[in-house]
Amino acid sequence: MDFQTLIESMRHKSGTLWWLENGARVGRSYSTLHQDVQEARRTLARWGVCAGTRVGLYAPNSWRWLVYDLALVDMGAVSVPFTEDFRNEISESLLQRYDIELFLTAKANAKFFPKRPPHVGFIDGDNDEVRVLQRTSRPLFGDEQDQLSWVFSSGSSGGLKGLVISRKGVMATLPPIMDAVGLSRGDCFLLFLPLSNFQQRYLCFGAIWYDFDIALTDFTRLFSAIETLHPTILLAPPVFYQMFHTEHLNKPHWKRWWQDILGTLVSAIPSIGLRRSLGRRFFKDFHGKFGRRTRMLITGMAPIRPNVLRLFDRMQIPLSEAYGMVEAGVMTFKRGDQNDHRSVGTPVRDVNFSFGEDCEILVHRSHPVTLRYFQCVEGENERTFVGPQTIATGDLGQMDPKGRLIIWGRKREVIAMPSGEKIHPEVIERELNTCPDVANSVVFMGHGPHLSCIVSLNNTQDIGAMQRVRKRVSDLAAMQSAARFMDVVFAPEAFSIDNGLLRPNMKIDRRKIVAKYGVNTDSRTAHG
């Protein structure tokens, strides 16, 4: 499998890309996509794009976004998709910073370039006299022939990293995860996160190669897309599924209790087919939120709470889980029907794990997805790319006796207590998050010698919620010495993308949350 074959094969594929246009379902075939890619390629060549040209992209999800991206791939150019982290920085100075020779954007972003220099073009409008701007010569690293794209990735611990994506790595790591998921020609994969997130483009490449449909939308129209585009598979971060768990907890007590009992009884039925049939009948409203054709829900990108997994189990629409990182690709997969809430599954083909002295997870692949970082904190390249075909994940964990990977938390988040004890904050957070009142929690080292915890409540109007959470903390302190005397700060708002406490990839931004509410640890509440 290689990209030239992928692009050429589109003319013979029968798959379709679907999206919403004025609320209606619109689709175009992969053969049409191939024609548009060839036209875009001719246009880009006329503008001066060739192999190695660095081309920036910043636009909403659309057919044209994918057309231009595939054309750049086919030409051997290096795309640089800017994520929403840059939404307030789009300017000529940004293009200079990353040596962007051509910048493709949407007409709606014309305001960022009032005089519109020649090296800025629109993917959805007329372009007169667009041409590549020759930047000064750049240092060579010896991997230029294998560069597919320069991408940005943000993690829960803060900091924006820049990664050089390998053409060979993408092609080598796609088949193992696609085979593990088990896709068929009749499937339709719904993607709603920005295409600037490399994972979304990665899945588009896989969909085209395996010839199943794509449903493309954005988060603001997600539920309309589920209802109208009829996906069969939905991939979403844990925070998305957590919303349904919160909604379930906020139901009247009698209704929630009855559904939990009924779900438990149905789960005891040996026949999977019968369980699914009864689940669709008894929990029709819950199933309806994911569309009438959805057969698989997948999560990943961040840890998911066991109580969320258990809810979906009881509702008879289990969540499958993948563990991966842009540096190495998807490394493990766990199908929802495996009823395992502790691990992230078993390794996919071509993945081997080893563990450092501190139990850091090391992944070994013949062709990892990422070649190196082009932007990171000092020393991070050496700490991550630790050897040929070996990447240090930054996660701590172990393999269980059944060959399943269990993750404890992030290495960089380990807290050294004054006593010398080392604490994994994610372990405490997972315990706190089992409290039905807690939407999110962030444990950190406060101003004194004890831990502090910032809590976002599911229902800020519930006056008894704070007391119940404090009771949970008290119970936890009896089991874990590190949680004794732990301050609790209650955030007066949910963590969201709008207030900056969730990143554009829907992961919590631990650093911003602590910076905003951590100063209130002495008062034990952020409500004032």
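Just so you know, these numbers come straight off a predicted model, no measurement behind them.

So, how was this worked out
Residues numbered from 1 in each chain as written. Predicted model: local features only at pLDDT ≥ 70, side-chain atom pairs only at ≥ 80, totals over all residues. Heavy atoms only, no water. Helix = DSSP H or I, 4+ residues; strand = E, 2+ residues; numbered from the N terminus. Rg over C-alpha atoms; globule rule 2.2 N^0.38 Å. Buried < 20%, exposed > 50% of the residue type's maximum accessible area, 1.4 Å probe, protein only. Contact = heavy atoms within 4.5 Å. Areas by Shrake-Rupley, 256 points an atom, 1.4 Å probe, with all protein chains shown as cover. Lys, Arg positive; Asp, Glu negative; His and termini not counted. Charge placed at Lys NZ, Arg CZ, Asp CG, Glu CD. Pairing = 2+ DSSP bridges. Axes fitted to C-alpha atoms, helices over the stretch in contact; angles between N-to-C directions. Patch = residues over 30% accessible without salt bridge, like charges linked within 9 Å, V, L, I, M, F, W, Y side chains within 5 Å. Salt bridge = Lys/Arg side-chain N within 4 Å of Asp/Glu carboxyl O. Core = buried A, V, L, I, M, F, W, Y, C linked by side-chain atoms within 4.5 Å. Phe/Tyr/Trp six-rings, centres within 6.5 Å; stacked < 30°, edge-to-face > 60°. Left-handed = near helix turned anticlockwise from the far one by under 90°.

A count of helices and strands for the protein chain gives 16 helices and 26 strands. Against the globule reference of 24 Å for 528 residues, the protein chain gives a C-alpha radius of gyration of 24 Å, in line with a compact fold. Across the 528 residues that make up the protein chain, the buried fraction comes to 55%. Sequence-distant contacts, at least 24 apart, represent 64% of the contacts inside the protein chain between residues at least 6 apart. Here the protein chain displays about 23,300 Å² of accessible surface, and carbon together with sulfur accounts for 52% of that area. Across the protein chain, 65 positive and 56 negative side-chain charges occur, with their mean positions spaced 4 Å apart.

Glancing now at the side chain of Asp-437. Relative to the assigned elements, Asp-437 resides in the loop between α14 (425-432) and β24 (438-445). Overall, Asp-437 belongs to the buried group, its relative accessible area being 13%. In this structure Asp-437 touches Ser-456, Leu-457, Asn-458, Asp-462, Ala-465, Arg-468 and Val-469, once residues within four positions along its chain are discounted.

Moving on to the sheet that holds strand β1 (residues 16-21). Adjacent strands of a sheet pair through backbone hydrogen bonds, lying either parallel or antiparallel. Strand order in the open sheet formed by nine strands is β2-β1-β10-β9-β11-β12-β13-β14-β15, with mixed pairing between adjacent strands. If you trace the sheet from one side to the other, it starts and ends with β2 (24-29) and β15 (346-347), each paired once. One ladder, built from five bridges, connects strand β13 (residues 319-325) with strand β14 (residues 329-334); its direction is antiparallel. Each residue of the ladder has a partner; that of Gly-324, found in β14, is Val-330. Running over the sheet, helix α2 (residues 30-47) touches β1, β2 and β10 (213-216) and is turned about 70 degrees from β2.

Glancing now at a nonpolar patch on the surface. Together, Trp-257, Trp-258, Ile-261 and Leu-265 make up an exposed nonpolar region whose accessible area comes to about 460 Å². For Leu-265, the position within the fold is in helix α9 (residues 253-267).

Now for unusual backbone geometry. Here Asn-22, not a glycine, exhibits a phi torsion of approximately 55 degrees, which is positive. Relative to the elements of secondary structure, Asn-22 occurs in the loop between β1 and β2. Judged by its relative accessible area of 83%, Asn-22 is exposed. At Gln-389, a residue that is not glycine, the phi angle is positive and equals roughly 65 degrees.

Now for helix α10 (residues 272-282). Three or more residues of α10 are buried, namely Arg-275, Arg-276, Leu-278 and Gly-279. Looking at the packing, one finds that the buried side of α10 touches α9 and α11 (284-288).

Attention now moves to the pattern of salt bridges. If charged atoms from side chains of opposite charge come close, those side chains can pair. Throughout the structure, instances matching the rule amount to 30 salt bridges. Taking the shortest distance from any N to any O, the salt bridge between Glu-327 and Lys-161 comes out at 3.1 Å. Here Glu-327 is found in the loop between β13 and β14, whereas its partner Lys-161 is found in strand β8 (residues 160-166), with 166 residues between them in sequence. The same class applies to Glu-327 as to Lys-161, namely buried. Across the pair Lys-411 and Glu-360 runs a salt bridge whose closest N-O atoms are separated by 3.0 Å. Residue Lys-411 is located in the loop between β21 (405-410) and β22 (415-416), and its partner Glu-360 is located in strand β17 (residues 360-364); the two are separated by 51 residues in the primary sequence. Taken together, the shared-partner salt bridges connect Lys-161, Glu-327, Glu-380 and Arg-412 into one network.

A word on the nonpolar core. Core analysis: the largest hydrophobic core is formed by 79 residues, its most contacted members being Leu-33, Leu-44, Val-170 and Phe-205. Sort the elements by how many residues they give to this core and helix α3 (residues 63-75) lands first, with ten residues. The residues contacting Val-170, other than those within four sequence positions of it, are Phe-3, Leu-148, Ile-165, Phe-198, Tyr-202, Phe-205 and Val-369. Core analysis: the next-biggest nonpolar cluster, separate from the first, contains 31 residues, Leu-20, Leu-190, Leu-193 and Ala-225 among them.

Under the criterion given, the structure shown has 29 aromatic pairs. With centroids separated by 5.9 Å and ring planes inclined at 45 degrees, the aromatic side chains of Phe-192 and Phe-240 adopt a geometry described as tilted. With Phe-192 in the loop between β9 (188-191) and α6 (198-210) and Phe-240 in helix α8 (residues 238-249), the pair connects residues that are 48 residues apart, well separated along the chain. Residues Phe-192 and Phe-240 agree in their burial class; the two are buried. Ring-pair connections join several aromatic residues into one group, and the members of that group are Phe-192, Phe-219, Phe-223, Phe-240, Tyr-241, Phe-244, Phe-286, Phe-290 and Phe-312.

Time to look at the packing of α2 against α3. Running from N to C, α2 and α3 cross one another at 65 degrees; their axes reach a closest spacing of 8 Å. The chirality of how α2 crosses α3 is right-handed. When α2 is examined against α3, the residues Thr-32, Leu-33, Asp-36, Val-37, Gln-38, Ala-40, Arg-41, Thr-43, Leu-44, Ala-45 and Trp-47 are found in contact with a partner set consisting of Trp-63, Arg-64, Leu-66, Val-67, Tyr-68, Leu-70, Ala-71, Leu-72, Asp-74 and Met-75.

Our next topic: the sheet that holds strand β25 (residues 451-457). Across the sheet, which stays open at both edges, the three strands sit in the order β24-β25-β26 with mixed pairing between neighbours. With partners counted over all chains shown, the strands left at the sheet margins are β24 and β26 (487-491), one partner each. On average, adjacent strands in this sheet sit at an angle of 25 degrees to one another, irrespective of strand direction. As paired strands, β24 and β25 are joined by seven bridges and run antiparallel to one another. In the strand pairing of β25, Ser-441 is matched with Val-455. Contacts between helix α16 (residues 510-517) and the sheet are confined to β24, β25 and β26, with β24 contributing the most and set at about 80 degrees to the helix.

Just distances and angles here, no functional claims.
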